[in-house]
Number of protein chains: 2
Amino acid sequence: MDGPTEWNGLEIGYDVPAAPGMAEAEIVTPALCLDLDALERNLAAMQARADAAGLTLRPHAKTHRSADVGRLQVAAGAVGLCCQTLSEAEALARGGLTDLLVTNEVRGPRRAARAARLAQRIRLGVCVDDTAGVAELAAAGLGTDAVLDVYVEIEVGNLRCGVPPGAPAAAPAEAVAAAPGLRLAGLQAYHGKAQHIRDPAERRAAIDAAAGAVRETLAALEAAGLPCPVVGGAGTGSWPYEAAAGLWTELQCGSYAFMDADYAAVPDETGAGPAFEHALFVLAEVMSVPAPGRAVCDAGLKALAMDSGPPRIMDREGLAWRGASDEHGILDDPGETLAVGDRLRLIPGHCDPTCNLHDWYVGLRDGRVEALWPVTARGKGF
Amino acid sequence: MDGPTEWNGLEIGYDVPAAPGMAEAEIVTPALCLDLDALERNLAAMQARADAAGLTLRPHAKTHRSADVGRLQVAAGAVGLCCQTLSEAEALARGGLTDLLVTNEVRGPRRAARAARLAQRIRLGVCVDDTAGVAELAAAGLGTDAVLDVYVEIEVGNLRCGVPPGAPAAAPAEAVAAAPGLRLAGLQAYHGKAQHIRDPAERRAAIDAAAGAVRETLAALEAAGLPCPVVGGAGTGSWPYEAAAGLWTELQCGSYAFMDADYAAVPDETGAGPAFEHALFVLAEVMSVPAPGRAVCDAGLKALAMDSGPPRIMDREGLAWRGASDEHGILDDPGETLAVGDRLRLIPGHCDPTCNLHDWYVGLRDGRVEALWPVTARGKGF
């Protein structure tokens, strides 16, 4: 038996993959791991860039769903966090975060009532993209002691949610301004599709088009006599262009904290390669070498999200990922270098849905486990 | 506010998506739902087919990771359940299941010690594919009061784990037979890749080849004077061929209970189409209709596994799934039929990893919630 069996009443290998003080080699696999030094450098680097651009940073917690990582981001200078679902915000509020923006529409009377309750405890923002959504929020009993920050989400090329830019955005904005308990906080202008465009010039052009949509909308709000204190948006792949546009006031990058194989393939604004380090990996163990050149590890579809492609194997250039099933990863190992028990650091194709598969982060420094952090809002999709 | 807010101390819309007695329309989305009538018909149909073939049925719990569904399968006649990880077996044992086979190698001293402890409480089987794995299990302190059933996994075309068939399989089998506390229970001979072959003749040919590997291995064991009481394998796509081969004694089908979009595209042995009904769906809600012909629902990459393709939209032929992001599904709705608040039943491309994203099953009958079942072993990948 390797190492301790119990931590804080939790069984290691059943409830948790590790305990503080353990060596990396003792972690039970598959485990979601963080290189804490790299994480801290990423948080500081992004905050410094936002500061230098004169913009506030509100990192997106949909990447990590972690109150612990969120608190580190706030300690580094972030004004608060973004969430993508209301239950994610509820979970992070229980974890101690006090300024949260749901960058998404919050629809239906049940969710509106929950938003009203949460807004009595923390500073909460939500988005709308039609006047019916505004009416639902206004009917939820706000205006007693709670004030809800409401952002009008506009379509900027993402082809997801969002009212068309310009004059059509003024209608929900006017409805917000007229509703008791709601405060018109600004615009939500996020271009998700632009984040992963590999060619910097094409990526810049996408954000230039988004900037046109923002500019047109700001003019429509001004013509209607409406305020717009905040314009939020941008992500890890595009933020230099939003920062340069002079229209956005708040950056919402998320993946910069961890990075993943897909974002690593997006060159930064200088064309020099990704601006952030890989802080996140899934630690896997070789569990079978059944034939020469083929090895099988214990991380498959339930440990790694595959929507943006397979994981990259860190520091093992001779290996290739051949495929995955539910609980297995198959590796080509033409050099026959792997043996049962060997450990692999797998950089997921897409960090957000990979983190949501796991219950715990294992924080590592200098080869030892320093922290165990729950994935606070795991599964909170409501 | 729609419906109740609390169930058994759990908050509806935060901890759980619904409570028994609620109407389907009141379920908080996205929610993992089961049509209980269809589920029960699937369980009875598979058991009847195994009975008619004279084979035992040990359904694979990696599909559902649910002690509740597993108990229904045992009540319908299954001899026990298969698991794919040891922690999955530990979770199902805590949920009351008493006969479990981990159809996978269980490696390393920590896992071997856990297997030994679990074998003191329930009837437990595990697989090996080399003699080193046998030695780890034997060293774990078995042979006191625990007996561990050990199956030799053989390679039958799946190209994952498994010792080569025939004579090479005799070495680990002999090691098991010689080890105190280990009982040579049989062979594990599962051809996962064959399950999804669309053409029935090709699928049959794959299982014919697997049968050759089993036959060769049985001969090698017999030559070595070793017993082989059980040959386990087969899945929802291939089981008629294993049943017809006369070599396998136990079927390990899993997806038949729920079905998914990928298995629905595999014709059954008659070529007539899938033999089981869709019992599983993710209930999603339209949260935005930002432009004519485009609707956005609240189920994305964190509610639906996409490794086997996007979901199929049930009973809504005019709609097409355009794409997904973390928490959104984008729909083409050329007929402009959808409005905010409309509900969609989404049949996942791949049921196993989809179920593992959710914490609860919502069991439905006659349009009302009858049961809330935890996904007992969610995240149990260790």
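Values in this document were obtained by computation on a predicted structure and should not be read as measured data.

Criteria and cut-off values
- Residues numbered from 1 in each chain as written.
- Chains lettered and ligands numbered in written order.
- Predicted model: local features only at pLDDT ≥ 70, side-chain atom pairs only at ≥ 80, totals over all residues.
- Helix = DSSP H or I, 4+ residues; strand = E, 2+ residues; numbered from the N terminus.
- Rg over C-alpha atoms; globule rule 2.2 N^0.38 Å.
- Contact = placed C-beta atoms within 7 Å.
- Domains from an automatic or database assignment.
- Nonpolar A, V, L, I, M, F, W, Y, C, P; charged D, E, K, R; others polar.
- Least-squares fit on C-alpha atoms with pLDDT ≥ 70 in both.
- Pairing = 2+ DSSP bridges.
- Axes fitted to C-alpha atoms, helices over the stretch in contact; angles between N-to-C directions.
- Buried ≥ 20, exposed ≤ 12 C-beta atoms within 10 Å, placed from the backbone.
- Parallel < 35°, antiparallel > 145°, perpendicular 65-115°, else oblique.
- Left-handed = near helix turned anticlockwise from the far one by under 90°.
- Expected span 1.5 Å × (residues − 1).
- Arc of directions from axis to C-beta.

Colleague: Any chance you could explain the overall build of chain A here in plain terms?
Modeller: Helices and strands together make up the secondary structure of chain A, namely 10 helices and 19 strands. Relative to the globule expectation of 21 Å for 382 residues, the C-alpha radius of gyration of chain A, 22 Å, shows essentially globular dimensions. For the C-alpha atoms alone, the extent of chain A along its principal axes is close to 70 × 50 × 35 Å. Of the contacts formed within chain A by residues at least 6 apart in sequence, a portion of 66% connects residues at least 24 apart.

Colleague: I keep staring at the domain arrangement of chain A and nothing clicks. Help me out?
Modeller: Think of interface size as the accessible area that goes away when the parts come together; that is how it is often given. All names here are of chain A. Here chain A is partitioned into domain 1 (6-35 + 276-374) and domain 2 (98-259). Between the C-alpha centres of domain 1 and domain 2 the distance comes to 36 Å. Tallying the contact residues gives six residues for domain 1 and five residues for domain 2. When grouped by side-chain class, the residues that make up the side of domain 1 that touches domain 2 number four nonpolar, one polar and one charged.

Colleague: Would you take a moment to explain the interface of chain A and chain B for this structure?
Modeller: On the side of chain B, 55 residues touch chain A, which itself brings 55 residues to the contact. Contributions of two or more residues to the side of chain A that touches chain B are made by α3 (86-94), β6 (99-105), α4 (109-119), β12 (280-291), β13 (294-297), β16 (328-332) and α10 (351-355) of chain A. It is α4(A) that contributes the most residues to the side of chain A that touches chain B, four residues altogether. In terms of residue class, the side of chain A that touches chain B is made up of 22 nonpolar, 16 polar and 17 charged.

Colleague: Even after reading the chapter, I still don't get the environment of B:Gly232, so can you show me in this structure?
Modeller: Residue and element names in this part refer to chain B. Relative to the elements of secondary structure, Gly-232 occurs in strand β10 (residues 230-233). Sequence-wise, Gly-232 and Thr-249 are 17 residues apart; in three dimensions their C-alpha atoms are separated by 6.2 Å. Aside from chain neighbours lying at most four places away, what touches Gly-232 is Arg-58, Tyr-151, Gly-186, Gln-188, Ala-189, Glu-250 and Gln-252.

Colleague: Even after reading the chapter, I still don't get the relation of the copies chain A and chain B, so can you show me in this structure?
Modeller: Relating one copy of the chain to the other takes a rotation about an axis and a shift parallel to that axis. For the match of chain A to chain B, the screw axis carries a shift of 0.0 Å, the RMSD comes to 0.0 Å, and the turn is 180°. Seen this way, the second copy is the image of the first under a two-fold rotation axis. A shared binding surface is used by both copies, with 98% of the interface residues of chain A retained as interface residues in chain B.

Colleague: Would you mind going over the sheet that holds strand β6 (residues 99-105) of chain B with me for this structure?
Modeller: Adjacent strands of a sheet form backbone hydrogen bonds with each other and so pair up, either parallel or antiparallel. All names here are of chain B. Here eight strands make up an open sheet; going across it, the order is β4-β11-β10-β9-β8-β7-β6-β5 and the pairing parallel. Of all the strands in the sheet, just β4 (56-57) and β5 (81-83) have a single pairing partner and so form its edges. In the sheet, β5 pairs with β6 via three bridges, with the strands oriented parallel. Pairing of Cys-82 across the sheet is with Leu-101, part of β6. Sheet contacts for helix α4 (residues 109-119): β7 (123-128) and β8 (148-153); angle to β7, the most-contacted strand, approximately 150°. Of the strands in this sheet, β6, β7, β8 and β9 (182-188) touch helix α5 (residues 131-138), which is tilted by about 150° from β7.

Colleague: Where do I start with the environment of A:Asp298 in this structure?
Modeller: All names here are of chain A. When you line up the elements, Asp-298 lands in the loop between β13 and β14 (312-313). When the C-alpha positions of Asp-298 and Gly-329 are compared, they lie 6.3 Å apart, and in sequence the two are 31 residues distant. Setting aside its immediate chain neighbours within four residues, Asp-298 contacts Thr-29, Pro-30, Ala-284, Glu-285, Met-287 and Glu-327.

Colleague: I'm lost on the pairing of strand β3 (residues 31-35) of chain A in this one. Help?
Modeller: Residues in a regular strand point their side chains to alternate faces of the sheet. Residue and element names in this part refer to chain A. The buried fraction of β3 amounts to four of the five residues, a majority that puts the element mostly inside the structure. Here four bridges tie β3 to strand β18 (residues 360-365), and the two strands are oriented parallel to one another. Residue pairing for β18: Asp-35 is matched across the bridge by Leu-364.

Colleague: What is the right way to look at the sheet that holds strand β11 (residues 250-251) of chain A in this model?
Modeller: Residue and element names in this part refer to chain A. Within the open sheet, the eight strands sit side by side as β4-β11-β10-β9-β8-β7-β6-β5. Their pairing is parallel. Edge positions in the sheet fall to β4 (56-57) and β5 (81-83), since each has one partner strand and no second. When strand β10 (residues 230-233) meets β11, the two strands line up parallel, connected through two bridges. Bridged to Gly-233 within β11 is Leu-251.

Colleague: What is the right way to read the packing of helix α6 (residues 167-178) of chain B against helix α7 (residues 200-223) of chain B from this model?
Modeller: Relative orientation and spacing of two packed helices are given, respectively, by the angle between their axes and the distance between those axes. Residues and elements named next belong to chain B. Contact geometry of α6 with α7 gives a least axis separation of 8 Å together with a crossing angle of 50°. Put simply, α6 runs oblique to α7. Seen along the crossing, α6 lies across α7 with a hand that is right-handed. Along the contact surface, α6 presents Ala-167, Ala-169, Ala-170 and Ala-173, while α7 presents Thr-217, Ala-220 and Leu-221. Partitioning the contact of α6 with α7 into residue classes produces six nonpolar, one polar and no charged.

Colleague: Would you mind going over helix α2 (residues 67-75) of chain B with me for this structure?
Modeller: Along an α-helix, residues three or four apart share an orientation, since each turn contains 3.6 residues. Residues and elements named next belong to chain B. Residues Ala-67, Val-69, Gly-70, Leu-72 and Gln-73 constitute the buried set of α2. If you follow the buried residues of α2, they end up packed against α1 (36-53), β5 and α3 (86-94). Gly-77 sits one or two positions beyond α2 and adopts a positive phi of about 130°.

Colleague: Whenever I open this one, α1(B) confuses me. Can you help?
Modeller: Residues and elements named next belong to chain B. The end-to-end C-alpha distance of α1 is 26 Å, a good match for the 26 Å that 18 residues give at a rise of 1.5 Å each. Among the residues of α1, those classed as buried are Ala-38, Leu-39, Asn-42, Leu-43, Met-46 and Ala-50. All buried residues of α1 fall inside an arc of 135° around its axis, so they share one side. Turned more than 90 degrees away from the buried face of α1, the exposed residues are Asp-51 and Ala-52. Contacts from the buried residues of α1 go to β3 (31-35), β4, α2 and β11 (250-251). Gly-54 sits one or two residues past α1 and shows a positive phi near 75°.

Colleague: What is the right way to read unusual backbone geometry from this model?
Modeller: Residues and elements named next belong to chain A. Omega for the bond connecting Thr-29 with Pro-30 falls within 30 degrees of zero, at -5°, which places this linkage in the cis form. Along the polypeptide, Pro-30 turns up in the loop between β2 (10-11) and β3. The phi dihedral of Ala-234 falls on the positive side, at around 80°, and the residue is not glycine. Mapped onto the fold, Ala-234 is located in the loop between β10 and α8 (239-245). Positioned with a positive phi, Asp-315 is a non-glycine residue whose angle comes to about 60°. By the element assignment, Asp-315 lies in the loop between β14 and β15 (320-325). Accessibility expressed as a C-beta count within 10 Å gives 7 for Asp-315, which makes it exposed.

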